[in-house]
Amino acid sequence: MGTANWLYDTILYVYALSLLFYFSDFMNASRRAKRIGTGLLVFVWVLQTGYLIMRLVSHLDLSQISAFEYWLCFSWLIVTVSLVMSRFYSIDYIVFFVNVVGFAVLALNLYAGAAQGNENAVGQTTRELLYVHISLIVCAYAALTFGALLAGMYMFLHHRLKSKRWSKFVRRYPSLDMIERFSDRAVMIGVPLLAMSLSIAVTSLLVEGRIVLLLDWKVLSSFAALVMFIVYIYQRARNRRTGEQLAKLYLIAFLVLLLNLASSAFSSFH
């Protein structure tokens, strides 16, 4: 059973990593990111296939297929269909969004499996999802913080260049293009991680029956921060804003995220 849990956790983490590369391709049309994302998704498919076969062989009675196995098969089909679509059709955006659903189903399915066991199994599953949530949210905060520092550097350097105030200190800064490029990479990593961590948190609340916590200030402010970053991505994609305006928008979104962190004292969520 320990091996099965370890394998399921591995599927979740590799799936999340695959979505990161697909999101990078979604942002910048990167063929390299798409290849890596597809390779990782193939690995997810292999692991899911092995795990599903292991589950079915364990009882060899198709009339006793559990809800856990049903949803595992559903997630497997999503991955299979998305890989076929990616191979034969050029509709990459739908592949990314479909697999976001597949990832959410896979995370939710942990509870379906635990619900068939005893209370200790449910508690163990809750802790496992909590570990996944914490891992994703910490990485998201780190990436978005890095991006905020770059946005601040961009605004400072842009102001100095615009006012023609040169110094040895300014000359040691990277170019504005380089700052923009690394800031985009921070967003590509941080935003999908933030979205996945929130999807796991909401899934946990729904399954545990703590729906009232969806109106908790920390949950609402988390989604507000996510929406602000999505607005930033949308404005970035439209390419109608200057670099300085985008840097300001990023810092505003990050400020909302900081308010979310500061709201822990007023929240009953954590």
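Refer to the structure above for everything that follows.
What counts and what doesn't
Residues numbered from 1 in each chain as written. Predicted model: local features only at pLDDT ≥ 70, side-chain atom pairs only at ≥ 80, totals over all residues. Heavy atoms only, no water. Helix = DSSP H or I, 4+ residues; strand = E, 2+ residues; numbered from the N terminus. Buried < 20%, exposed > 50% of the residue type's maximum accessible area, 1.4 Å probe, protein only. Contact = heavy atoms within 4.5 Å. Areas by Shrake-Rupley, 256 points an atom, 1.4 Å probe, with all protein chains shown as cover. Core = buried A, V, L, I, M, F, W, Y, C linked by side-chain atoms within 4.5 Å. Phe/Tyr/Trp six-rings, centres within 6.5 Å; stacked < 30°, edge-to-face > 60°. Lys NZ or Arg CZ within 6 Å of the ring centre and 35° of its normal. 1 Å grid on protein atoms, 1.4 Å probe; cavity = no way out; pocket = protein on both sides within 12 Å on 5 of 7 lines; lining within 4 Å. Points joined across faces, edges and corners; volume = space filled by probe spheres on them. Nonpolar A, V, L, I, M, F, W, Y, C, P; charged D, E, K, R; others polar. Salt bridge = Lys/Arg side-chain N within 4 Å of Asp/Glu carboxyl O. Axes fitted to C-alpha atoms, helices over the stretch in contact; angles between N-to-C directions. Parallel < 35°, antiparallel > 145°, perpendicular 65-115°, else oblique. Expected span 1.5 Å × (residues − 1). Patch = residues over 30% accessible without salt bridge, like charges linked within 9 Å, V, L, I, M, F, W, Y side chains within 5 Å.

Caption draft 1: Fine view of the overall build of the protein. Across its full length, the protein carries nine helices and zero strands. Listing each helix as α and each strand as β along the protein from the N terminus yields α-α-α-α-α-α-α-α-α. Going through the 270 residues of the protein one by one, you find that 43% of them count as buried. Look at the contacts in the protein between residues 6 or more apart in sequence, and 73% of them connect residues 24 or more apart. Total accessible area computed for the protein in this model is approximately 14,800 Å², and 68% of it derives from carbon and sulfur atoms.

Caption draft 2: Here's a closer look at the nonpolar core. Grouped together as the largest cluster of nonpolar side chains are 62 residues, with contacts concentrated most on Tyr-15, Phe-103 and Phe-229. Going through the elements one at a time, helix H1 (2-28), helix H2 (31-57), helix H3 (67-88), helix H4 (92-115), helix H5 (119-162), helix H7 (176-208), helix H8 (217-238) and helix H9 (243-262) are the ones with two or more residues in this core. The dominant element in this core, judged by the number of residues it contributes, is H1, at 12 residues. In this view, Phe-103 contacts Leu-12, Tyr-15, Ala-16, Leu-19, Leu-136, Met-196 and Ile-200; residues no more than four positions away in its chain are not counted.

Caption draft 3: Structural view of the packing of aromatic side chains. Under the counting rule described, the total for this entry stands at five aromatic pairs. Their ring planes at 70° and their centres at 5.4 Å tell us that Tyr-8 and Tyr-51 sit as a pair that is edge-to-face. Within this pair, whereas Tyr-8 is found in helix H1, its partner Tyr-51 is found in helix H2, the two being separated by 43 residues in sequence. Taking the relative accessible area as the measure of exposure, Tyr-51 reaches 3% and is therefore buried. Through a chain of ring-to-ring contacts, three or more aromatic side chains come together here, namely Phe-229, Tyr-232 and Tyr-250. Seen from the ring of Phe-182, Arg-185 lies directly overhead, with NZ or CZ sitting 5.0 Å from the centre.

Caption draft 4: Expanded view of empty space enclosed by the protein. Inspection of the entire model under this criterion finds one cavity of 30 Å³ or more. The computed volume of the largest cavity comes to approximately 100 Å³. Looking at the largest cavity, it is lined by 13 residues, and the ones nearest its centre are Glu-180, Ser-183, Tyr-232, Gly-243 and Ala-247. Partitioning the lining of the largest cavity into residue classes produces eight nonpolar, two polar and three charged.

Caption draft 5: Region of interest: the pattern of salt bridges. All chains considered together, the criterion is met by one salt bridge. Residues Arg-236 and Asp-184 are paired through a salt bridge, measuring 2.7 Å at the closest nitrogen-oxygen approach. With Arg-236 in helix H8 and Asp-184 in helix H7, this residue pair connects regions lying 52 residues apart in the sequence.

Caption draft 6: Inspection of the packing of H8 against H9 at higher detail. Across the interface, H8 lies against H9 with an axial gap of 8 Å and an inter-helix angle of 170°. Looking at the two axes, H8 sits roughly antiparallel to H9. Contacts between H8 and H9 involve Trp-217, Lys-218, Ser-221, Ser-222, Ala-224, Ala-225, Met-228, Phe-229, Val-231, Tyr-232, Gln-235 and Arg-236 from the first element and Leu-246, Leu-249, Tyr-250, Ile-252, Ala-253, Phe-254, Val-256, Leu-257, Leu-259, Asn-260 and Leu-261 from the second.

Caption draft 7: Region of the structure containing H9. Compared with an ideal rise of 1.5 Å per residue, which puts 20 residues at 28 Å, H9 spans 28 Å between its outermost C-alpha atoms and is within 8% of the ideal. Buried within H9 are the following residues: Gly-243, Leu-246, Ala-247, Leu-249, Tyr-250, Ala-253, Phe-254, Val-256, Leu-257 and Asn-260.

Caption draft 8: A look at the environment of Pro-174. Here Pro-174 is to be found in the loop between helix H6 (168-171) and H7. For Pro-174, the residues in contact, after removing those within four places along its chain, are Met-153, Leu-157 and Ile-179.

Caption draft 9: Spotlight on the side chain of Gln-235. Relative to the assigned elements, Gln-235 resides in helix H8. According to the relative accessible area criterion, Gln-235 is buried, its value standing at 13%. If we skip the residues at most four places from it in the chain, Gln-235 touches Arg-240, Arg-241, Leu-246 and Leu-249.

Caption draft 10: Examining a nonpolar patch on the surface more closely. Residues Tyr-13, Leu-130, Tyr-131, Ile-134 and Val-138 make up a contiguous nonpolar surface patch of roughly 470 Å² in combined accessible area. Counting residues per element, the nonpolar patch draws most heavily on H5, which supplies four residues. Along the polypeptide, Tyr-131 turns up in helix H5.

Caption draft 11: The side chain of Ser-222, seen in detail. By the element assignment, Ser-222 lies in helix H8. Assessed through its relative accessible area of 10%, Ser-222 is described here as buried. Each residue touching Ser-222, except ones within four places of it in the same chain, is listed here: Leu-198 and Asn-260.

Caption draft 12: A look at H8. Spanning 22 residues, H8 covers 31 Å between terminal C-alpha atoms, matching the ideal 32 Å at 1.5 Å per step. Within H8, the full set of buried residues consists of Lys-218, Val-219, Ser-221, Ser-222, Ala-225, Leu-226, Phe-229, Tyr-232, Ile-233 and Gln-235. Looking one or two residues past H8, Asn-239 carries a phi angle of roughly 60°, positive in sign.

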